[in-house]
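Each chain is listed here by its residues.
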Amino acid sequence: MADSDTKETKVKITPRAEDFPRWYTDVIAAAEMADYSPVKGCMVIRPWGYAIWETVQSTLDGMLKASGHQNAYFPLFIPESFLKREAEHVEGFSPELAVVTHAGGKKLEEPLVVRPTSETIIYDSFSHWIHSWRDLPLLINQWGNVVRWEMRTRLFLRTTEFLWQEGHTAHATHEEAEQEVLSILDKYRRLAEETMAIPVIPGVKSDSEKFAGARRTHAIEALMQDGKALQCGTSHDLGQNFSRVFGVKFLDAEGKEEYAWQTSWGVSTRLIGALIMVHGDDKGIVLPPNIAPLKVVFVPIWKNDAQRGELTAAASKMAEDLRAAGISSRVDDRDLRPAWRYYEWERKGVPLRIEIGPRDMEQSQVTMVRRDAEGKIAAPQAGIAATVGRMLGEIQKGMYEKARKFRDDNTFTVSDSKKFAEILTGKGGFVRAPWCGSAACEAKIKEETKGTIRVIPADAASHPGKCVACGEPAAMSPLFAVAY
Ligand SMILES: [Zn+2]
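Note that the coordinates shown come from a computational prediction; the quantities given were computed from them, not determined experimentally. (Residues numbered from 1 in each chain as written. Predicted model: local features only at pLDDT ≥ 70, side-chain atom pairs only at ≥ 80, totals over all residues. Heavy atoms only, no water.)

(A) The arrangement of the sheet that holds strand β25 (residues 479-481) in detail. The four strands are arranged β20-β21-β25-β22 in an open sheet whose pairing can be described as mixed. On the outer flanks of this sheet lie β20 (411-413) and β22 (452-455), each paired with one strand and no other. Sheet twist, expressed as the mean angle between neighbouring strand axes with direction ignored, is 35°. Both β20 and strand β21 (residues 430-432) contribute to a ladder of three bridges, which runs parallel. By the bridge assignment, Thr411 is partnered in β21 with Phe430. (Pairing = 2+ DSSP bridges. Helix = DSSP H or I, 4+ residues; strand = E, 2+ residues; numbered from the N terminus. Axes fitted to C-alpha atoms, helices over the stretch in contact; angles between N-to-C directions.)

Written out as structure tokens, the structure reads:
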């Protein structure tokens, strides 16, 4: 096997306990998910990483279409003057803008901004599309890329260019817009929890953390294995801030002119960073079956060519049965030692490996190995699709439960400011603590502990107390954490 041995390159993954950021970078490389590019801060998404993103896309796209949203596409470039029209919006984004000043060999009359988000250019279109209350609600989604010039980048978590979807809607009343914001947030929660097995906490952002130009920002937050939080999706109530600036108006049923109430919302390739940091282990990434591009891999283990043919044929037949049942699977019959084939799929996080050797064949069985657990399980070849289907369901559920237990075990309710700082500057986690509502206290907390308000959850008001920053009465306890 001299030829094939050259492919068996050694892959090193730093243990999580030794250096978590290093581990993160190592598993992405080991799973062949993404690379840094020649352009600083930009990312090359390799096929395995992109296949995961495609599952995110198809899952969410299905949910959005079911609720009447339509996909459209708007330009990558935005006239600079558009961005300047909404004061808060431009202030929030201007440090991160990439601007095109020259094109076609000439200096442009007006510089073009490479979109950091598309509110302004999309609402210019909305102002032409919307005339009467009959045109509402307008429910638009765009799948695309955006550019935000980042100083410190990390694959999937923060890159200069990233992929996302951005939804933009217009409604006749504020109530309808608020309903939309919450219904989208719930779709994001389902995507995270049901598809990616990532437990999340929904809530409202504080004013200092809200989207630039929004009236109110809702978000879902998840806890990573290193005790830091990651924002996994946001949904904004824009009020009439943009409709007034861009003239998104309609005639109501009485013929009176009104400004539309708007929302915008998005999730990005950041979700893949969350997936890695919530489920990964020291052997690589671990994919929940519902998001895995490949759910099952068969590894035939032969000693000679005759066996190789027989085992591969049996595995191929079973793989076909799985595919007929809607379970993606493949047979890895590459001329590599079995252990090398195991490691590769382990690093890539494939939920279930099915080994088949001569002894399995004699007994009409297979040997299954779950990626999320130790040990081997023998199962009959007959009825393989039903057995595998059941097991994938167990893996999905088990991974969610495990992540939720970790999250719950690392969520603390404190009233003492010393204890509060101790957790945030120490092992981390979510900390529910009283806050008086002042931006000054929020800033002080951030300076002293690096902790920020991740969300104000629905039950925040049921935990009043004394502000952990100033000691004054606090009507609620938001959720704090150090965040990515
Ligand atoms: Zn305070």
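There is more to say, and it comes next.
(B) Representation of helix α2 (residues 20-30) in the model. Along α2, the residues classified as buried are Phe20, Trp23, Tyr24, Asp26, Val27, Ile28 and Ala30. Buried residues in α2 make contact with β1 (34-36), α9 (270-279) and α11 (338-347). Downstream of α2 by one or two residues, Glu32 has phi in the positive range, about 55°. (Buried < 20%, exposed > 50% of the residue type's maximum accessible area, 1.4 Å probe, protein only. Contact = heavy atoms within 4.5 Å.)

(C) Layout of the coordination of the zinc ion. Each protein donor to the zinc ion is listed here as Cys436 (SG), Cys441 (SG), Cys467 (SG) and Cys470 (SG); together their distances run 2.3 to 2.4 Å. What the four donor atoms of the zinc ion show is an angle range of 105 to 115° at the metal, which sorts the shape as tetrahedral. Relative accessible area serves as the criterion here: at 36%, Cys470 is assigned to the partly exposed category. (Donors = N, O, S within 2.8 Å, 3.2 Å for Na, K, Ca; no water. Tetrahedral: all angles 85-135°; square planar, octahedral: opposite > 155°, others 65-115°.)

(D) Expanded view of the side chain of Ser329. Tracing the chain through its elements places Ser329 in strand β16 (residues 329-331). A distance of 3.1 Å separates a polar atom in the side chain of Ser329 from the backbone oxygen of Ala319. Beyond its immediate sequence surroundings of up to four residues, Ser329 is in contact with Leu294, Val296, Phe298, Ala319, Leu322 and Arg323. (Polar contact = N/O pair within 3.5 Å; in protein donor to acceptor, adjacent residues only side chain to side chain.)

(E) Representation of the packing of helix α10 (residues 305-324) against helix α13 (residues 384-409). Contact geometry for α10 and α13: axes closest at 9 Å, N-to-C directions at 60°. In terms of orientation, α10 lies oblique with respect to α13. Here α10 runs over α13; the crossing is right-handed. Between α10 and α13, the residues in contact are Met318, Asp321 and Leu322 and Ile384, Ala385 and Val388, respectively. The residue inventory of the contact of α10 with α13, partitioned by class, reads five nonpolar, no polar and one charged. (Parallel < 35°, antiparallel > 145°, perpendicular 65-115°, else oblique. Left-handed = near helix turned anticlockwise from the far one by under 90°. Nonpolar A, V, L, I, M, F, W, Y, C, P; charged D, E, K, R; others polar.)

(F) Summary view of the sheet that holds strand β15 (residues 296-300). Taking strand neighbours across the sheet as the criterion, the five strands line up as β16-β15-β17-β18-β19 in an open arrangement whose pairing is mixed. At either end of the open sheet lies a strand with only one pairing partner, and these are β16 and β19 (376-380). Along the sheet, successive strands turn relative to each other by an average axial angle of 25°, direction set aside. Here five bridges tie strand β18 (residues 365-370) to β19, and the two strands are oriented antiparallel to one another. Paired with Thr367 across the strands is Ala378, a residue of β19. Packed onto the sheet, α11 meets β15, β16 and β17 (352-356) and runs at close to 170° relative to β15. Set on the sheet, α13 makes contact with β15, β17, β18 and β19; between it and β18 the angle comes to about 15°.

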